[in-house]
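Listed below are the residues making up each chain.
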Amino acid sequence: MLRVREFIRFHQIPNPLRQRLEEYFQHAWTYTNGIDMNSVLKGFPECLQADICLHLNRKLLQNCPAFAGASPGCLRALSLKFKTTHAPPGDVLVHKGDVLTSLFFIARGSIEIQRENTTVVILGKDDIFGENPCIYPNIGKSNANVRALTYCDLHKIHRDDLLDILHLYPEFFDSFVNNLEITYVMRDEYTSGVDVKHKYLRVKSMDKERSTSDMNSIRIVGMPYQKMNSKAYVRDAPMKETPDVNIYVGKDSNNYKYGQAPKSDYF
């Protein structure tokens, strides 16, 4: 606490921000006893980190229906990506117009959703807010403010981390999408989202016809290509015998060849 007060004094933090800093530190201390879990985990091998994180997030992973269909390996990967955040009463977790980069799971406490200075709904333990990143082609923006009513502990996972895991465990994708029940969807349907090209969404939404700009991320099987220029490729005339090999088209025009592609050219 002494270091926090020195920080406040040195940077001349005014009230009420000063009070919020002190309240957050006191609440975080009661939850962690002053132990920085991230620093502690870095000292262990990754396999042990996964076991520790699996234990710390066991209640969420066991009780939330969205994770019921996950394999043990998938649960270990998920547990490594979850972060725990704390909020004192009055703290605003999400502002209206913020980009929805994370999905939140309430472990303890109560929050309120405010629109136009009016409380729309109050959420509590085991409730979920944010947006499902699997069903939208872009990242939405928040349609409301989220404010803590009591001391709150929340688990959150970044959308890119979640999509990475769904890409590694595609058998879990349908189960997660069907069983995820978001208590309050925060996406503003009247505001355009932020375009993003995530590798998993790009694979799931592949069309038969693609522009040449998409060719950098396509793996083509058994098709001979002729280099036209550094940005475009066209198919040669049909060959009598097409070799049953993989041809990869990468960012570097010199990389396309038969057989194994450089690791950077995979999805």
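The structure reproduced in this document is the subject of the present report. (Residues numbered from 1 in each chain as written. Predicted model: local features only at pLDDT ≥ 70, side-chain atom pairs only at ≥ 80, totals over all residues. Heavy atoms only, no water.)

1. Let's talk about the sheet that holds strand β3 (residues 102-108)
Condition: Note on pairing: DSSP must find at least two bridges between two strands before they are called paired. Going along the chain from the N terminus, every DSSP run of H or I of four or more residues is numbered as a helix, and every run of E of two or more is numbered as a strand. Should any heavy atoms of two residues lie within 4.5 Å, those residues are counted as being in contact. In this analysis, axes come from line fits to C-alpha atoms, helices being fitted only over the stretch in contact, and the angle between any two N-to-C directions falls in the range 0 to 180 degrees.
Spatially, five strands are ordered β1-β9-β3-β6-β10 in an open sheet, and the strand pairing comes out mixed. A strand with exactly one partner marks an edge of an open sheet, and here the two such strands are β1 (83-87) and β10 (184-185). With two bridges connecting them, β3 and strand β6 (residues 128-130) associate as antiparallel partners. Bridge pairing in β6 links F104 to F129. Against the sheet, helix α7 (residues 159-168) touches β3 and β9 (152-158), its axis set at about 55° to β9.

2. Thoughts on the side chain of N132
Spelled out, the test is: For the exposure calls, accessible area comes from a 1.4 Å probe over protein chains only, and a residue counts as buried if that area is under 20% of its type's maximum, exposed if over 50%, partly exposed in between. Nitrogen and oxygen atoms within 3.5 Å of one another constitute a polar contact, given that in protein one can donate a hydrogen and the other can accept it, and given that sequence-neighbouring residues count only through two side-chain atoms.
By the element assignment, N132 lies in the loop between β6 and β7 (138-139). Residue N132 is classed as buried on the basis of its relative accessible area, which comes to 7%. At 3.0 Å, the side chain of N132 forms a polar contact with the backbone nitrogen of C134. Discounting chain neighbours no more than four positions away, the residues touching N132 are F176, V177, L180 and I182.

3. Observations concerning helix α6 (residues 72-81)
All of the buried residues along α6 are C74, L75, A77, L78 and S79. Tucked inside the fold, the buried residues of α6 contact α4 (46-56), α5 (58-63), β9 and α7.

4. A look at the nonpolar core
Selection rule: Think of a nonpolar core as a cluster: buried Ala, Val, Leu, Ile, Met, Phe, Trp, Tyr and Cys residues, connected wherever their side-chain atoms sit within 4.5 Å.
F67, L78, F82, F105, L166, F172 and F176 are the most contacted members of the largest nonpolar core, which has 25 residues in total. Going through the elements one at a time, α5, α6, β3, α7 and α8 (173-179) are the ones with two or more residues in this core. Here F176 is in contact with A66, F67, N132, C134, L162 and L166, once residues within four sequence places are set aside. Within the second largest apolar cluster, 16 residues are counted, among which are A87, V94, L100 and F129.

5. Some points on the environment of P65
Relative to the helices and strands, P65 is located in the loop between α5 and α6. Considering only alpha carbons, one finds P65 and N179, 114 residues apart in sequence, at a separation of 5.8 Å.

6. Some details on the packing of α6 against α7
What counts here: Reported orientations rely on four angle classes, namely roughly parallel under 35 degrees, roughly antiparallel over 145, roughly perpendicular from 65 to 115, and oblique for the rest. Here is the rule for handedness: rotate from the far helix to the near one, and if that takes an anticlockwise turn smaller than a right angle the crossing is left-handed, while a clockwise turn gives right-handed.
Taken N-terminus to C-terminus, the directions of α6 and α7 make an angle of 165°; their axes are 10 Å apart at the nearest point. In this view, α6 runs roughly antiparallel relative to α7, as classed from their interaxial angle. The element α6 and its partner α7 pack so that their crossing is right-handed. The segment α6 lies against α7, with C74, A77, L78 and K81 engaging D161, L162 and I165.

7. A short note on the pattern of salt bridges
The cut-off we apply is this: Salt bridges are identified by distance alone: a Lys or Arg side-chain nitrogen within 4 Å of an Asp or Glu carboxyl oxygen.
Summed over all chains, the structure comprises six salt bridges. Of the charged contacts in the structure, one is a salt bridge between E116 and K96, with a shortest N-O distance of 3.6 Å. Here E116, found in the loop between β4 (111-115) and β5 (118-123), pairs with K96, found in the loop between β2 (92-94) and β3; they are 20 residues apart in sequence, far enough to count as distant. For E116, a relative accessible area of 66% gives the class exposed.

8. Here we look at the packing of aromatic side chains
To keep things clear, this is the line we draw: Only Phe, Tyr and Trp rings are paired, with Trp represented by its six-membered ring, and only when their centres lie within 6.5 Å; those with planes under 30 degrees apart are stacked, over 60 edge-to-face, the remainder tilted.
A complete count under the given rule lists six aromatic pairs for this structure. Here F104 and F129 contribute two aromatic rings whose centre-to-centre distance is 4.8 Å and whose plane-to-plane angle is 5°, an arrangement assigned as stacked. One end of the pair, F104, is in strand β3; the other, F129, is in strand β6, with 25 residues separating them in the sequence. Pair check on accessibility: F104 and F129 agree, each one buried.

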